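Reading the structure
What follows is each chain in one-letter form.
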Amino acid sequence: VTNGLYNITAVATNINGVSTTSSAIALNVDNVIPLGTNLIANPLVETPSSSNANIPANWQVGSWGTNTYTSSYLNSGPTGDTNSVVLNMTAYTSGDAKWYFNPVAVTAGTQYTYSDSYESNVITDVVAEFINSSGVASYQDFGNQPASSSWNQTLNTFIVPSGTVNMTVFHLVNSVGSLTTSNFSLASSTAPTVSKIGRAHV
């Protein structure tokens, strides 16, 4: 439900079909998810790499499978941002291509929220990569993101699996089309809260 104050009642019915309704209790619903410190270095991709001005610092671009793509580092982005990164897939048989931040340390069993701003002319996908102490990776698919001709946001909250020490996130292209991304965030978060204000009696 949306944020706000709600009155909740309970109905008790006995075997004879006689019912009574409790007095109401008030519940305050707050869906705001407070975020911690952004763990992604260079989250607005504003700082170029010192060794290659064509990529942002602390970021990489990669692919797997059979496909053809180009990657770009632009001096434009969503409102308030001056830069973004682009993938343009021109031929596709299998696999994907993606920009991704260098893996960062996370705490297993802790809840985190990932978000980015994006524009795309095709459906894209968001996948988290979790890396354990032996360097073995596992993956969690956050699901498809709809095509969007204007800046949209992807937002995913998840629990880091047991044994994970580092992670990154791939917002990837796996079909012919383009994807532009910026304004990345990965931070510890807390679950939405429901606070009870009263007590119900039947």
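These remarks concern the structure in this document. Bear in mind the structure is a predicted one, so any value in this text is a computation, not a measurement.

With that settled, consider the pattern of salt bridges. A pair can form between side chains of opposite charge whenever their charged atoms are brought close. All told, the structure shown has one salt bridge when counted by the stated rule. One salt bridge connects aspartate 96 with lysine 98, and the closest N-O pair in it is separated by 2.8 Å. The two residues aspartate 96 and lysine 98 agree in class, both being buried.

Our next topic: the packing of aromatic side chains. Counted according to the given criterion, the structure contains six aromatic pairs. Where tryptophan 59 meets phenylalanine 184, the ring centres are 4.4 Å apart and the plane angle is 45°; that geometry is what we call tilted. Of this pair, tryptophan 59 sits in strand β5 (residues 59–64) while phenylalanine 184 sits in strand β15 (residues 177–188), and the two are 125 residues apart along the sequence. By the burial criterion, tryptophan 59 is buried, and phenylalanine 184 matches it. Plain terms: the ring middles of tyrosine 112 and phenylalanine 158 are 6.4 Å apart, the flat faces sit at 25° to each other, and that makes the pair stacked. Of this pair, tyrosine 112 sits in strand β10 (residues 111–120) while phenylalanine 158 is found in strand β13 (residues 148–159), placing the two residues 46 residues apart along the sequence. With a relative accessible area of 6%, tyrosine 112 lands in the buried category. Phenylalanine 158 sits in the buried class, given a relative accessible area of 4%. Here a set of aromatic residues connected by ring pairs shows up, and it is made of Tyr112, Phe130, Phe142 and Phe158. Between the NZ or CZ atom of lysine 98 and the centre of the ring of phenylalanine 170, over which it lies, the distance is 4.8 Å.

Strand order in the open sheet made by the five strands is β6-β7-β15-β10-β13, with antiparallel pairing throughout. Of all the strands in the sheet, just β6 (67–74) and β13 have a single pairing partner and so form its edges. On average, each strand axis in the sheet is inclined to that of its neighbour by 25°, with strand direction left out of account. As judged from the five bridges shared by strand β7 (residues 84–92) and β15, these two strands associate in the antiparallel manner. Its bridge partner lying in β15, valine 85 is registered against threonine 181.

About the cut-offs
- Residues numbered from 1 in each chain as written.
- Predicted model: local features only at pLDDT ≥ 70, side-chain atom pairs only at ≥ 80, totals over all residues.
- Heavy atoms only, no water.
- Salt bridge = Lys/Arg side-chain N within 4 Å of Asp/Glu carboxyl O.
- Buried < 20%, exposed > 50% of the residue type's maximum accessible area, 1.4 Å probe, protein only.
- Phe/Tyr/Trp six-rings, centres within 6.5 Å; stacked < 30°, edge-to-face > 60°.
- Helix = DSSP H or I, 4+ residues; strand = E, 2+ residues; numbered from the N terminus.
- Lys NZ or Arg CZ within 6 Å of the ring centre and 35° of its normal.
- Pairing = 2+ DSSP bridges.
- Axes fitted to C-alpha atoms, helices over the stretch in contact; angles between N-to-C directions.

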